[in-house]
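Each chain is listed here by its residues.
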Amino acid sequence: MAIPKEKSLEMYRNLVRARYLGEKIFEIFSAGGSNMVGLHRAVGEEAIPVAVCAVLRKDDYYKPSGVRMHPYLFCKEGFTMRDGLAGEMCRALPKVGGHDTYISPELGVIGKSGILGEDGPMYVGAALSAKLRKSGQVVVYTCGDGTANRAPVHESMVVAAALTLPIVFMIQDNQYGMGTARSKVYKIKDLSDRAKGYGFPGISVDGNDVVALYETVKEYVDRARSGGGPGLIVAETYRLGAHSVGDAQIYRPKGEAEEWWKKDPLPRYRKTLMGKGILTDAMVTRIDADAKAEADEAGKAALQVPLISYEDHIKWAYDVL
Ligand SMILES: Cc1ncc(C[n+]2csc(CCOP(=O)(O)OP(=O)(O)O)c2C)c(N)n1
Ligand SMILES: [Mg+2]
């Protein structure tokens, strides 16, 4: 599949922006600018939302994986870096499309659950609604390798298959669920084998390879959009950092993270595009400087947004729309 040059560059830009966004989140959290109880970083896993957002339409639904990927919704059309940052800092969420950042149905985001996996049925509902309305919208529902074992995720897949819904399930397999290696939990090597049991296609893909991700997501999303029903994509990646701030990572074998740093999606994709003559040194420098400046500005703008009060937390938890 030939990826248009502009699309390739858009994904490179977003990958660089995603890296700076992650650094900015960490910087602000470390300086006490966030109301978040913990911080779950996503260094090394950014290629997945970047590729998904490059495929999706503005009104398609997208649920990024679990506790660490939500700020990366900024790659989706209609969102900004400031939105991602302010949301992650627990600041009063800036209005997007008349709703707060995390709940913007016009932009395909209908929320997420801190009780991991419980949001699966919500996004299956979105897929059913898209089918009934014949809107042509598709849903990409992503969860972690740990979350994928939860009952609501299984039920979501069963219902989506039974009703031939336009939804693509993605498992973002970063090799760990907190301190538990996924190899200790799964008795199958290839997680995408599970798709057979649900009766839809499944595939495992290198989740640190932007090109492979884009091509796979496009194939699965196109099929779902044209009435072909659900599918399962397992994106193999690695959590390069701690589960959350304060995790001493004593469970991790020595040298494992170092091996995965060699597969960091950012330098890999840069090398690919430079090899094809799509990126030059001058462009790399400029994109880098622009992304850094944007993250600095977004950080300042997000800090202007007031922190969410306890009362608003409660109100928004039960009375959002
Ligand atoms: C139902 C539920 N159980 C436990 C937790 C606590 N918890 C938060 S993150 C996490 C690990 C999830 O692992 P995975 O789904 O692989 O996502 P990752 O953290 O690797 O991105 C756990 C157990 C939770 N939030 N919800
Ligand atoms: Mg995991």
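Our structure is the block above this text.
Residues numbered from 1 in each chain as written. Chains lettered and ligands numbered in written order. Predicted model: local features only at pLDDT ≥ 70, side-chain atom pairs only at ≥ 80, totals over all residues.

Attention shifts here to the pairing of strand S6 (residues 139-144). Among the 6 residues of S6, 6 are classified as buried, and the element is accordingly described as predominantly covered. Pairing between strand S1 (residues 61-63) and S6: 3 bridges, direction parallel. What sits directly across from Lys-63, in S6, is Tyr-141. Direction of pairing for S6 relative to strand S7 (residues 167-173): parallel, over a ladder of 6 bridges. Opposite Val-140, over in S7, you have Val-168 as the bridge partner. At this point the chain moves from S6, through helix H5 (residues 151-162), to the parallel S7, and the crossover so formed is right-handed. (Buried ≥ 20, exposed ≤ 12 C-beta atoms within 10 Å, placed from the backbone. Helix = DSSP H or I, 4+ residues; strand = E, 2+ residues; numbered from the N terminus. Pairing = 2+ DSSP bridges. Right-handed = clockwise from strand over helix to strand, strands pointing away.)

This part covers helix H2 (residues 47-55). Here H2 lies mainly inside the structure; 9 of its 9 residues are buried. Buried within H2 are the following residues: Ala-47, Ile-48, Pro-49, Val-50, Ala-51, Val-52, Cys-53, Ala-54 and Val-55.

The next thing to look at is the environment of Ser-135. By the element assignment, Ser-135 lies in the loop between helix H4 (120-133) and S6. On the basis of neighbour counts, which here come to 12 C-beta atoms within 10 Å, the residue Ser-135 falls in the exposed class. Separated by 122 residues in the primary sequence, Ser-135 and Ala-257 place their C-alpha atoms 43 Å from one another.

This brings us to the nonpolar core. Of all hydrophobic cores here, the largest spans 77 residues; its most connected members are Val-50, Ala-51, Val-140, Ile-167 and Val-168. Of all the elements, helix H1 (residues 5-30) adds the most residues to this core, at 9 residues. Other than its neighbours up to four places away in sequence, Ile-167 contacts Tyr-123, Val-124, Ala-127, Val-139, Tyr-141, Ala-160, Ala-224 and Pro-230. (Core = buried A, V, L, I, M, F, W, Y, C linked by C-beta atoms within 7 Å. Contact = placed C-beta atoms within 7 Å.)

None of the figures reported here should be taken as evidence of function without further support.
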